[in-house]
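Close look at the chain arrangement
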Amino acid sequence: MKQRHLLLALAIGASVISLSACKKDGEAPAPAAKPTAAAPKGETADQFIARVNDEVRKMYPEINSAQWLSSTYINDDTAMIAAKSNERYLTQLNSWIEQARKFEGQPMSPATARSIQLLKLATSMPAPKDPAKLAELTQLATKMEGMYGSGSYCKGEGDAKQCRQLGDLEDVLRSSRDYDQQLDAWQGWHSIAQPMRKDYTRFAELVNEGAKEMGFADTGEMWRSGYDMTPAEIAAETDRLWGQVKPLYEQLHCYTRGKLETQYGSDKGQVNGLLPAHLMGNMWQQDWGNLWDMLEPYKGAGTLDITASLEKQYQQDYTREMAKAGPSPNTEKLFAAERAAQLSVARQMTRRAEDFYVSLGMPKLPESYWQKTQFIKPLDRDVVCHASAWDMNMAGDVRTKMCIKPNEEDFTTIYHELGHIYYDLAYNKQAPLFQGGANDGFHEAIGDTIVLAMTPQYLNSIDLVGTPQLGNEALINSQMRMALAKVSFLPFGLMIDRWRWGVFDGSIKPDQYNQAWWDLKAKYQGVAPVTARGEDFFDAGAKYHVPGNTPYTRYFLSHILQFQFYKGLCDAAGFKGPLYECSFYGNKAAGQKFWAMLEKGSSQPWQATLKELTGTEKADASAVLEYFAPLQTWLKEQNQGKTCGWQAPVAAAAKPEATPAKG
Ligand code: X8Z
Ligand code: ZN
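Residues numbered from 1 in each chain as written. Chains lettered and ligands numbered in written order. Predicted model: local features only at pLDDT ≥ 70, side-chain atom pairs only at ≥ 80, totals over all residues. Heavy atoms only, no water.

**Looking at the overall build of the chain**
- In terms of regular secondary structure, the chain is built from 25 helices and 6 strands.
- Taken over the C-alpha trace, the chain has a radius of gyration of 24 Å; the compact-globule value for 663 residues is 26 Å, and the two agree within 12%.
- On the principal axes, the C-alpha backbone points of the chain span a range of 75 × 60 × 55 Å.
- Counting every position in the chain, which comprises 663 residues, the buried fraction comes to 61%.
- Residue pairs at least 24 apart in sequence account for 75% of intrachain contacts in the chain once pairs closer than 6 positions are excluded. (Helix = DSSP H or I, 4+ residues; strand = E, 2+ residues; numbered from the N terminus. Rg over C-alpha atoms; globule rule 2.2 N^0.38 Å. Buried < 20%, exposed > 50% of the residue type's maximum accessible area, 1.4 Å probe, protein only. Contact = heavy atoms within 4.5 Å.)

**Notes on the environment of Asn53**
- Mapping Asn53 onto the fold places it in helix H1 (residues 45-72).
- Judged by relative accessible area, which is 10%, Asn53 ranks as buried.
- A sequence separation of 413 residues divides Asn53 from Gly466, and the C-alpha atoms of the two residues are 51 Å apart.
- Residues within four places of Asn53 in sequence aside, it is in contact with Ala431, Pro432 and Leu433.
- Within polar-contact distance, the side chain of Asn53 engages the backbone nitrogen of Leu433 at 2.8 Å. (Polar contact = N/O pair within 3.5 Å; in protein donor to acceptor, adjacent residues only side chain to side chain.)

**Looking at the state of the cysteines**
- Tallied over the full model, the rule gives 4 disulfides.
- Here Cys154 is linked by a disulfide to Cys163, with a sulfur-sulfur distance of 2.0 Å. Taking the sign of the S-S torsion, 110° for the link of Cys154 and Cys163, the bridge is right-handed.
- Owing to a relative accessible area of 32%, Cys154 belongs among the partly exposed residues under this scheme.
- For Cys163, a relative accessible area of 38% gives the class partly exposed.
- Paired by a disulfide, Cys385 and Cys403 hold their sulfur atoms 2.1 Å apart. Disulfide Cys385 to Cys403: torsion about the S-S bond roughly -85°, handedness left-handed. Pair noted here: Cys385 is in the loop between helix H13 (367-372) and strand E4 (388-391) and Cys403 is in the loop between strand E5 (398-401) and helix H14 (408-427), with a separation of 18 residues, a long-range link.
- Owing to a relative accessible area of 28%, Cys385 belongs among the partly exposed residues under this scheme. (Disulfide = S-S within 2.5 Å.)

**As for the coordination of the zinc ion (ligand 2)**
- All of the protein donors around the zinc ion (ligand 2) are His416 (NE2), His420 (NE2) and Glu444 (OE); their distances to the metal are 2.0 to 2.1 Å.
- Here the zinc ion (ligand 2) binds 4 donor atoms, and the angle range of 91 to 128° at the metal identifies the geometry as tetrahedral.
- In terms of primary sequence, the donors binding the zinc ion (ligand 2) are separated according to H-x3-H-x23-E. Of this pair, His420 sits in helix H14 while Glu444 is found in helix H15 (residues 440-452), placing the two residues 24 residues apart along the sequence.
- In this structure Glu444 comes out as buried when scored by relative accessible area, which is 0%. (Donors = N, O, S within 2.8 Å, 3.2 Å for Na, K, Ca; no water. Tetrahedral: all angles 85-135°; square planar, octahedral: opposite > 155°, others 65-115°.)

**What to know about unusual backbone geometry**
- One non-glycine residue, Met394, lies in positive phi territory at about 60°.
- Considering the arrangement of structural elements, one finds Met394 in the loop between E4 and E5.
- Classification of Met394 as buried rests on a relative accessible area of 4%.

**Considering the pairing of E4**
- Alternating residues of E4 divide into Ser388 and Trp390 and Ala389 and Asp391, and every residue in both groups is buried.
- Linking E4 to E5, which pair antiparallel, is a turn of 6 residues; within it Met394 sits at a positive phi near 60°. (Pairing = 2+ DSSP bridges.)

**Brief notes about the pattern of salt bridges**
- Under the defined criterion, the tally for this structure stands at 38 salt bridges.
- When the shortest N-O distance is used, the salt bridge between Arg88 and Glu62 registers 2.3 Å. In this pair, Arg88 sits in helix H2 (residues 76-101) while Glu62 sits in helix H1, placing the two residues 26 residues apart along the sequence.
- For Asp355, the salt bridge goes to Arg352, with nearest N and O atoms at 3.8 Å. (Salt bridge = Lys/Arg side-chain N within 4 Å of Asp/Glu carboxyl O.)

**Structural notes on the environment of Phe434**
- Its place among the elements puts Phe434 in the loop between H14 and H15.
- As for Phe434 and Arg351, which are separated by 83 residues in sequence, their C-alpha atoms are 29 Å apart.
- Among all residues touching Phe434, those that are not within four sequence positions of it are Ala111, Arg114, Ser115, Leu118, Lys600, Gly601, Ser602 and Ser603.

**Re the pairing of strand E2 (residues 162-165)**
- With 4 bridges connecting them, strand E1 (residues 152-155) and E2 associate as antiparallel partners. Looking across to E2, one finds that Tyr153 is bridged to Arg164.
- Adjacent in sequence and paired antiparallel, E1 and E2 are bridged by 6 residues, among which Gly156 carries a positive phi angle near 85°.

**Quick look at the confidence of the model for the chain**
- Mean pLDDT over the chain stands at 93; residues scoring 70 or higher make up 92%.
- Contacts of residues 23-33 to residues separated by more than four positions or lying in other chains number 71 contacts, the stretch itself having pLDDT below 50.
- Overall, residues 659-663 carries pLDDT values under 50, and its contacts beyond four positions in sequence, including any with other chains, amount to 13 contacts. (pLDDT = per-residue confidence, 0-100.)

**Section: the nonpolar core**
- The biggest cluster of nonpolar side chains holds 185 residues, and the ones touching the most others in it are Tyr200, Tyr415, Trp499, Phe584 and Phe628.
- Other than its neighbours up to four places away in sequence, Phe584 contacts Phe356, Leu360, Thr449, Ile450, Ala453, Tyr566, Leu569, Cys570, Ala573 and Ala590. (Core = buried A, V, L, I, M, F, W, Y, C linked by side-chain atoms within 4.5 Å.)

This is the structure:
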């Protein structure tokens, strides 16, 4: 998650200034115990912003280092240091925002006016001014993220005790088709969030207090203020965009439900017409790509088994490492060979992703990236495995943090993360307050735009899949592969913040957290748990971005915008055929256009940036529909005669749409 502007991001993703992409919080500079002294006498607004930019640049590396350490080395000490640095940063941010007030109504350049606006949105974790509360908030944030990162589900007692973390539990959902094993993995992971419930309740109170002090109705309204339109307008925009793509999602839902019923029987393959949460191949039902074995339209038509190729690559690397270990290696050597092979395949996957960007004319990643990045899960400590991209110093120290496994999902996530990194590198020449995405959805969409250009042709050219087949069956297979990642995501991308907006505006009370969560899952995704999930659970906390406090509407927007960017770049490349066949791999004209957009950062309203790339100022899902037109026609045929759709429980159905009351 990267957020939009640079620095300050505190809270993950925070808004504006955030810095690095998917990063979490903080990020911003951290002054010493006290915020910098009041503004010098006679300082103009332009001088004020120049000073803030300067101070941000100086503080930025320190706060990032603290955050990086606490994410890649979870323990009490790193948590303390991260919370403290966040505390200093948020105190400083509050002080800058306070200082900015005195320039209201005074003459200033347009860039200064925009910078002040961005400054007020620079964190997704608005902190109360009261120092005790501010400290409590940063400690809670660090604690919750640590709980998520170190979350572990244990069974059995004594010597028989067996614990599994998220990665192991996700492996079960990805690969097992045993109903009960999947249920156990799904429930097990969700149990780690139960203890967060109280902390999250308090967290919501504290950020709301901060947001109110800054003049927002609540934290949700503050989050919705970062889109160069009113909070009410962006909420309505997301409803409109969802309305455009909902029929496509409903067709995919209907087809998938039929296949689940074939696999598990009509009693277990659905719950009152909704999809059983633990059977979707993904802990949050946000990407159904792992159900390929069940959902592949035409067996063997254009084989697109990327995971199998990556696993093969791993086996080859392992064999090579074993050869190095010599004859009859001991357990230690076997283990070392396994680790070396895991690291080697992860680095090769990343080299592949880098190659795509370089083919567009973008620079190679700096040597320090390869030295400092976390590619695979360390074994000697807990880390936050959730993928993220970091700009440590606005001067080339960029890194990603992942726990890469050789599978398709992680492969495309690497392309996603490098999108954040290339955005960072491109806008590093902007003033710090403009070092962010045009909006946070843009930041999320860069790498995914490249993923859309990973056509069967491209995958074949890098030796990951066989010669692409021609014909309708291969086309439908390839469209299905993309739809399972992109279309299945859309309602999920929306529902998370529908939940948080409700939590923050008080329409969802703490004693309704779980009920409201599942009402929204039912309403938007058509997904349901198969056992009761009462208020003793806190299922929202089992999704990284909730304890990590990363706003989520960005991902919904990204899943619309990326198709617009893709089409714009295909046009720039002079591509003429049907949209889904376009890859701009190696095309310098497309690369230049992309880079020009990245360089702008958040220096102008996103609508202007969008127009430069695509010719339109409006987010619009027609490119999504154009791309998936063949699949939508095919799905309709498959679903003919079936009753599609689902009935969400009454409570959810009765709730109003987005409703950000104020605006
Ligand atoms: O969080 C992420 C990225 C980091 S910004 C790995 N994503 C969302 C998620 O995993 O929930 C990418 C797609 C949606
Ligand atoms: Zn991201």
